[in-house]
Amino acid sequence: MFERLGIGHLVELTATEALLGFLTPLFVFAAFFVLQMVLPGRHVPGYVVDRETGLPRSYRLNGLLVFVVAQALWWFELTGMPRDWFYRSSVYAVAGGTVLALIGTLIAVFSQPPGEVRNKFLACWFGRAPEMQFFNDRFDLKMYFYVVGGTMLSLNAFSGAVWHYNKFDDPNPGVFMFAAFFTFYVFDYFVFERVQLYTYDVIYERLGFKMFWGGLVVFGWMFIIPMWGMAALPDPGHAAGWRYLWLIGTPTLFVIGWCITRGTNMQKYAFKRWPERKFLGIGPEYIQAGDRKILCSGFWGAARHFNYMGEGFFGLSIALVWGHFGNLWAWTYFAYVVGLFTYRQMDDDKRCAEKYGPEKWAEYQERVPYRIIPGIY
């Protein structure tokens, strides 16, 4: 089956190697826990309000430092494993990580009172607790997920690039651009780690299997699924004109997506912290909804979820970066992005209607009629 799917090379391990691959996430999760606890961090307030104190919840952040240290350990081969190991063991690591995510989910869910979600299956999937912090707020579970998932996404992508480079005399530059795109994506996140405290996941998501598996395994290992099929292919060999268009156009599309996503998220972050301050010269316009404000200028006046369009451009650049435009493996991440954010914007609209009130949200929808893509959708 794996051969027919084009990923037979990912299961060509000995029994001992397969076991080590299965256990790799256990060692990785433990190592990141130690790094996050030992390395210095800074406490910053987030958007979520602590129900006990009535004040913004405090988070200890050191993601950028953990990311840099982990990169150094991997690049200088101080982990005791070859650089291509993460890629070669991907299938087994996903299996092992899924088991660990399930164990963590069961502990997190059933250590909490039933609350609103009493159905045990739904509770396991969606979770019950919105936040979990330990060791006197030194360790936040959600931020740990992002540190592990983001850093492992970069290392898994680079690991695949190393495997590809060792396999071909004519390596595909798209493989290295893929690793570079995702590494920049993650590095940018860690530089602006504080902004993440004002996003959908941290504010609304609860700690169930969806969050455990999504943050640790899907983000960390499965975002590179296009590489599972594409790293085994050589350079596409396009003619000079098409090659220049591909090698210049794809990074350009990536940069456009990044500018949209980063700009949109930064404008929202700035508005929530300093409601009257201009952002990039754009004066804030908003709809007053009781003691809340709905931003409707700048990026947030173009579409209600304009940042998702940026993610879509990024996903499209990931599909095109390989140069093998008709290969379905190349489009797996793009399909995931479209599905995820199409659902999320509908769920977010529902939550916003509850948060701001149906009348005020309807007023915003009338003022900003497009969901994601201005003039189209």
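Residues numbered from 1 in each chain as written. Predicted model: local features only at pLDDT ≥ 70, side-chain atom pairs only at ≥ 80, totals over all residues. Heavy atoms only, no water.

Caption draft 1: Seen up close, the overall build of the protein chain. Secondary structure assignment for the protein chain yields 16 helices and 6 strands. Oriented by its inertia axes, the alpha-carbon framework of the protein chain measures out at about 65 × 55 × 40 Å. The 377 residues of the protein chain split such that 51% are buried. Partitioning the contacts of the protein chain with sequence separation of at least 6, the portion at a separation of at least 24 is 76%. Side chains of the protein chain give 33 positive and 29 negative charges; the mean places of these two sets differ by 5 Å. (Helix = DSSP H or I, 4+ residues; strand = E, 2+ residues; numbered from the N terminus. Buried < 20%, exposed > 50% of the residue type's maximum accessible area, 1.4 Å probe, protein only. Contact = heavy atoms within 4.5 Å. Lys, Arg positive; Asp, Glu negative; His and termini not counted. Charge placed at Lys NZ, Arg CZ, Asp CG, Glu CD.)

Caption draft 2: Inspection of the packing of helix α5 (residues 90-110) against helix α10 (residues 209-218) at higher detail. Relative to each other, α5 and α10 sit at 145°, their axes nearing to 9 Å. Where α5 crosses over α10, the handedness of that crossing is right-handed. Between α5 and α10, the residues in contact are Val94, Gly97, Thr98, Ala101, Leu102, Gly104, Thr105 and Ala108 and Phe209, Phe212, Trp213 and Val217, respectively. Residues of the contact of α5 with α10, tallied by class, amount to 8 nonpolar, 4 polar and no charged. (Axes fitted to C-alpha atoms, helices over the stretch in contact; angles between N-to-C directions. Left-handed = near helix turned anticlockwise from the far one by under 90°. Nonpolar A, V, L, I, M, F, W, Y, C, P; charged D, E, K, R; others polar.)

Caption draft 3: How the structure looks around α5. In a regular helix each residue adds 1.5 Å, so 21 residues correspond to 30 Å; α5 covers 30 Å between its end C-alpha atoms and thus fits that length. Every buried residue of α5 is accounted for by Ser90, Val91, Ala93, Val94, Gly96, Gly97, Ala101, Gly104, Thr105, Ala108 and Val109. Residues of α5 that are buried sit in contact with α2 (15-38), α4 (85-88), α6 (120-126), α10 and α11 (225-230). (Expected span 1.5 Å × (residues − 1).)

Caption draft 4: Seen up close, the pairing of strand β6 (residues 292-295). Summarising the sheet, strand β5 (residues 286-289) and β6 pair through 4 bridges and their orientation is antiparallel. Residue Ala289 lies in a different strand from β6, and its bridge partner there is Arg292. Hairpin connection from β5 to β6: 2 residues lie between these consecutive antiparallel strands, with Gly290 at a positive phi of about 70°. (Pairing = 2+ DSSP bridges.)

Caption draft 5: Molecular detail of helix α7 (residues 141-167). For α7, with 27 residues, the first-to-last C-alpha span of 38 Å sits near the 39 Å given by 1.5 Å per residue. With 23 of 27 residues buried, α7 lies mostly within the body of the structure. Here α7 starts with a cap whose side-chain oxygen sits 3.1 Å from the backbone nitrogen of Lys142, and that cap is Asp140. (Polar contact = N/O pair within 3.5 Å; in protein donor to acceptor, adjacent residues only side chain to side chain.)

Caption draft 6: A look at empty space enclosed by the protein. One pass over the structure, following the stated rule, counts 1 cavity of 30 Å³ or more. The calculated volume of the largest cavity comes to roughly 60 Å³. Around the largest cavity sit Gln267, Ala270, Phe271, Trp274, Pro275, Arg277, Lys278, Phe279, Ile282, Gly283, Pro284 and Leu295, which together line it. Among the elements that take part in the lining of the largest cavity, helix α12 (residues 240-273) stands out by supplying 3 residues, more than any other. Its residues assigned to classes, the lining of the largest cavity shows 8 nonpolar, 2 polar and 2 charged. (1 Å grid on protein atoms, 1.4 Å probe; cavity = no way out; pocket = protein on both sides within 12 Å on 5 of 7 lines; lining within 4 Å. Points joined across faces, edges and corners; volume = space filled by probe spheres on them.)

Caption draft 7: Up close: the packing of α7 against helix α8 (residues 173-191). Taken N-terminus to C-terminus, the directions of α7 and α8 make an angle of 160°; their axes are 9 Å apart at the nearest point. In terms of orientation, α7 and α8 fall into the roughly antiparallel class. Two packed elements cross with a definite hand, and for α7 against α8 that hand is left-handed. Residues Met143, Tyr146, Val147, Gly150, Thr151, Leu153, Ser154, Ala157, Phe158, Ala161, His164 and Tyr165 of α7 touch α8, and the partners they reach there are Val175, Phe176, Phe178, Ala179, Phe182, Thr183, Val186, Tyr189 and Phe190. By residue class, the composition of the contact of α7 with α8 is 16 nonpolar, 5 polar and no charged. (Parallel < 35°, antiparallel > 145°, perpendicular 65-115°, else oblique.)

Caption draft 8: Fine view of the layout of surface pockets. The space that makes up the second largest pocket amounts to roughly 1000 Å³. In terms of lining, the second largest pocket is formed by 26 residues, of which the most central are Arg51, Arg128, Pro130, Ile203 and Arg206. Along the lines of polarity and charge, the residues of the lining of the second largest pocket split into 11 nonpolar, 3 polar and 12 charged.

Caption draft 9: Local environment of the pattern of salt bridges. In this structure the tally under the stated criterion is 12 salt bridges. Taking the shortest distance from any N to any O, the salt bridge between Asp84 and Arg88 comes out at 3.3 Å. Among the salt bridges present, the one from Lys360 reaches Glu363, with a minimum N-O distance of 3.7 Å. Linking Lys360 with Glu363, this pair stays in helix α16 (residues 358-367), spanning 3 residues, or about one helical turn. Residue classification places Glu363 among the partly exposed residues on the basis of a relative accessible area of 36%. Overlapping salt bridges bring together Asp201, Glu205, Lys210 and Arg344 as one network. (Salt bridge = Lys/Arg side-chain N within 4 Å of Asp/Glu carboxyl O.)

Caption draft 10: Focus on unusual backbone geometry. Of note, the phi angle at Asp137 is positive, near 65°, even though the residue is not glycine. Position of Asp137 relative to the elements: it lies in the loop between β3 (133-134) and β4 (139-140). Given the relative accessible area of 33%, Asp137 is considered partly exposed. In the Ramachandran plot, Leu280 falls in the positive-phi region, its phi being about 55° despite a non-glycine side chain.

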